[in-house]
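Observations on the model geometry
What follows is the residue order along each chain.
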Amino acid sequence: MKMVHFKNKPPSRQDSGFRRKFCQVASLAMLSLFIAVHADATEPSFNIKPHEVSERCDAKVAQIRVTVNNVKAGGVLNVELYDDPEHFLFKKGRKRKVRVPAAQGQQIVCMNLDRPGTYAVAVYHDRDGDRKLKKQWNLVPSEPFGLSNNPDNPSSFPKFSDSAFTTNSQGADIVVNLREAPER
């Protein structure tokens, strides 16, 4: 059997004290990290992507300026712009989507326009920020929602024509009143 010789001395008592302190500090750091991660996990992260951010509202710019009433705090407010009557309220027909943290009361969301035209806006309050509009068994939204022109409760799927508005060279100012559908 061949003996292995170390060039360095075996660890002294002083080295052992250093290791103990190091382990204590490392353990404390890991505990702090665990607490920080756990604290972050309890606060919602809404994952608003850069292309979903509202533009700065400016009356001198061609924009659709959407005033949303009846917003409750928490979750995310989704404002969607449509210009395709055949695909109204479907992803394929959506021209733009803006997501902002929902705050109590009234909120204003602005979207720049490429050109004047005929548009419709759909708004919903995604209470848990999961990017999905919760629906009842009959497909009626169970989270607060609203459409431009605030049409009455339709007995069928909403139509583009009921929510459509035309913009001019400065855009348009519209108001959407969020409402909750009655549970059925």
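In this report, we go over the structure that sits alongside the text.

Bringing the packing of aromatic side chains into the picture now. When we look at a pair of aromatic rings, we describe it by the centre distance and by the angle of the planes. Throughout the structure, instances matching the rule amount to three aromatic pairs. Summarising the aromatic geometry, the rings of Phe88 and Phe160 are spaced 5.6 Å apart at their centres and angled 85 degrees between planes, so their arrangement reads as edge-to-face. Of this pair, Phe88 sits in the loop between strand 2 (76-82) and strand 3 (94-101) while Phe160 is found in helix 2 (residues 160-163), placing the two residues 72 residues apart along the sequence. Judged by centre distance (5.7 Å) and plane angle (25 degrees), the ring pair of Phe90 and Phe157 falls under stacked. Of this pair, Phe90 sits in the loop between strand 2 and strand 3 while Phe157 sits in the loop between strand 6 (145-147) and helix 2; the two residues are 67 residues apart in sequence, bridging distant segments of the chain.

In regular strands, side chains alternate between the two faces of the sheet. Of all nine residues in strand 5 (residues 118-126), eight are buried; the element is thus mostly enclosed. Sheet topology places strand 2 next to strand 5; seven bridges connect them, and they run antiparallel. Bridged to Leu81 within strand 5 is Val121. Both strand 5 and strand 7 (residues 165-166) contribute to a ladder of two bridges, which runs antiparallel. Each bridged residue has a counterpart across the sheet, and for Thr118 the counterpart in strand 7 is Thr166. Sheet topology note: the strand 5/strand 6 ladder contains three bridges and is antiparallel. Within strand 6, the position partnered with Tyr124 by the bridge is Phe145.

Before going further, it helps to examine the environment of Val61. In this structure, Val61 sits in the loop between helix 1 (13-42) and strand 1 (63-71). Owing to a relative accessible area of 30%, Val61 belongs among the partly exposed residues under this scheme. In sequence terms Val61 and Met111 are 50 residues apart; their C-alpha atoms lie 9.8 Å from each other. Those residues in contact with Val61, other than ones at most four positions away along the chain, are Asn112 and Gln170.

The next point concerns the pattern of salt bridges. Evaluated as defined, the whole model comprises 11 salt bridges. Residues Glu52 and Arg99 are paired through a salt bridge, measuring 3.6 Å at the closest nitrogen-oxygen approach. Taken together, the positions of Glu52 in the loop between helix 1 and strand 1 and Arg99 in strand 3 put the pair 47 residues apart, joining distant regions of the chain. Glu52 sits in the buried class, given a relative accessible area of 4%. Note that Lys134 and Asp130 form a salt bridge whose closest N and O atoms lie 2.5 Å from each other. Overlapping salt bridges, with partners in common, bring together Glu52, Arg99, Asp126 and Arg131 in one network.

Right, let's talk about the environment of Ile64 for a bit. As for its placement among the helices and strands, Ile64 is situated in strand 1. The exposure class of Ile64 is buried, given its relative accessible area of 0%. Aside from chain neighbours lying at most four places away, what touches Ile64 is Leu81, Val109, Cys110, Met111, Leu113, Tyr119, Val121, Phe165, Thr167, Ala172 and Ile174.

The rules we used
- Residues numbered from 1 in each chain as written.
- Predicted model: local features only at pLDDT ≥ 70, side-chain atom pairs only at ≥ 80, totals over all residues.
- Heavy atoms only, no water.
- Phe/Tyr/Trp six-rings, centres within 6.5 Å; stacked < 30°, edge-to-face > 60°.
- Helix = DSSP H or I, 4+ residues; strand = E, 2+ residues; numbered from the N terminus.
- Buried < 20%, exposed > 50% of the residue type's maximum accessible area, 1.4 Å probe, protein only.
- Pairing = 2+ DSSP bridges.
- Contact = heavy atoms within 4.5 Å.
- Salt bridge = Lys/Arg side-chain N within 4 Å of Asp/Glu carboxyl O.

The quantities given are spatial measurements derived from coordinates; they are silent on function.
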